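Architecture and fold: a report
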Amino acid sequence: MEISKVVVFRAGNEEYGIPIEHVISIEKIENINVIPNMPSYVKGIVKVRGDLIPVIDMNHIFYQKDTIIDGNSKLIVVQSEEIESALIVKDAKQILDVQEEE
């Protein structure tokens, strides 16, 4: 039985998880630079540790509504095989252990 660790975040009224091995950091939302002519879910770019990273609104991806940014909103910086990106989420709650069958 294999156990995975996931970072739990909220988008809309639901909770989702991202495998911890893809998460670089969780950051406060600051200084998003808007880039014209991007898809509506791309909110701009942000500088994290000297790198410019695209910012993607997860609420917009899942529900076609922009995230209302407040004190709980966070950026989860993730790494895929091709690119780093920062995901706007309502809240990044915790790290959970998830059993393979769950």
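Source: prediction; values computed, not measured.

In this section: the pattern of salt bridges. Applying the stated criterion across every chain yields a total of two salt bridges. With a shortest N-O distance of 3.5 Å, Arg49 and Glu27 are connected by a salt bridge. A residue pair is termed long-range when its members are at least 10 positions apart, and Arg49 in the loop between strand 4 (42–48) and strand 5 (51–57) and Glu27 in strand 3 (residues 23–28) qualify at 22 residues. Judged by relative accessible area, which is 63%, Arg49 ranks as exposed. Between Lys43 and Asp66 there is a salt bridge, with its nearest N and O atoms 2.8 Å apart. Placement of the pair is Lys43 in strand 4 and Asp66 in the loop between helix 1 (58–63) and strand 6 (74–79), with a sequence separation of 23 residues. A relative accessible area of 45% places Asp66 in the partly exposed class.

Residues Val7, Phe9, Ala11, Ile18, Val23, Ile56, Met58, Ile76, Val78, Leu87, Val89 and Ala92 constitute the largest nonpolar core, which totals twelve residues. Elements with a minimum of two residues in this core: strand 1 (3–11), strand 6 and strand 7 (84–89). When residues of this core are assigned to their parent elements, the largest contribution, three residues, is made by strand 1. If sequence neighbours within four positions are ignored, Val7 has contacts with Tyr16, Gly17, Ile18, Ile20, Val23, Ile26, Ile76, Gln94 and Ile95. Counting residues in each nonpolar core, the second largest holds eight residues, with Val46, Leu75, Val77 and Ile88 among its members.

On to unusual backbone geometry, then. Even without glycine at this site, Asn37 takes up a positive phi of about 65°. Positive phi is not limited to glycine here, since Arg49 has a value of about 50°.

According to the stated counting rule, one finds three aromatic pairs in the structure shown. An aromatic cluster is present here, built from Phe9, Tyr16, Phe62 and Tyr63 joined pairwise through their rings.

What follows deals with the environment of Phe9. Along the polypeptide, Phe9 turns up in strand 1. With a relative accessible area of 2%, Phe9 lands in the buried category. C-alpha of Phe9 to C-alpha of Ile45: the two residues are 36 residues apart in sequence and 21 Å apart in space. In this view, Phe9 contacts Glu14, Glu15, Tyr16, Gly17, Ile18, Met58, Phe62, Ile76, Val89, Asp91 and Ala92; residues no more than four positions away in its chain are not counted.

Procedures and definitions
Residues numbered from 1 in each chain as written. Predicted model: local features only at pLDDT ≥ 70, side-chain atom pairs only at ≥ 80, totals over all residues. Heavy atoms only, no water. Salt bridge = Lys/Arg side-chain N within 4 Å of Asp/Glu carboxyl O. Helix = DSSP H or I, 4+ residues; strand = E, 2+ residues; numbered from the N terminus. Buried < 20%, exposed > 50% of the residue type's maximum accessible area, 1.4 Å probe, protein only. Core = buried A, V, L, I, M, F, W, Y, C linked by side-chain atoms within 4.5 Å. Contact = heavy atoms within 4.5 Å. Phe/Tyr/Trp six-rings, centres within 6.5 Å; stacked < 30°, edge-to-face > 60°.

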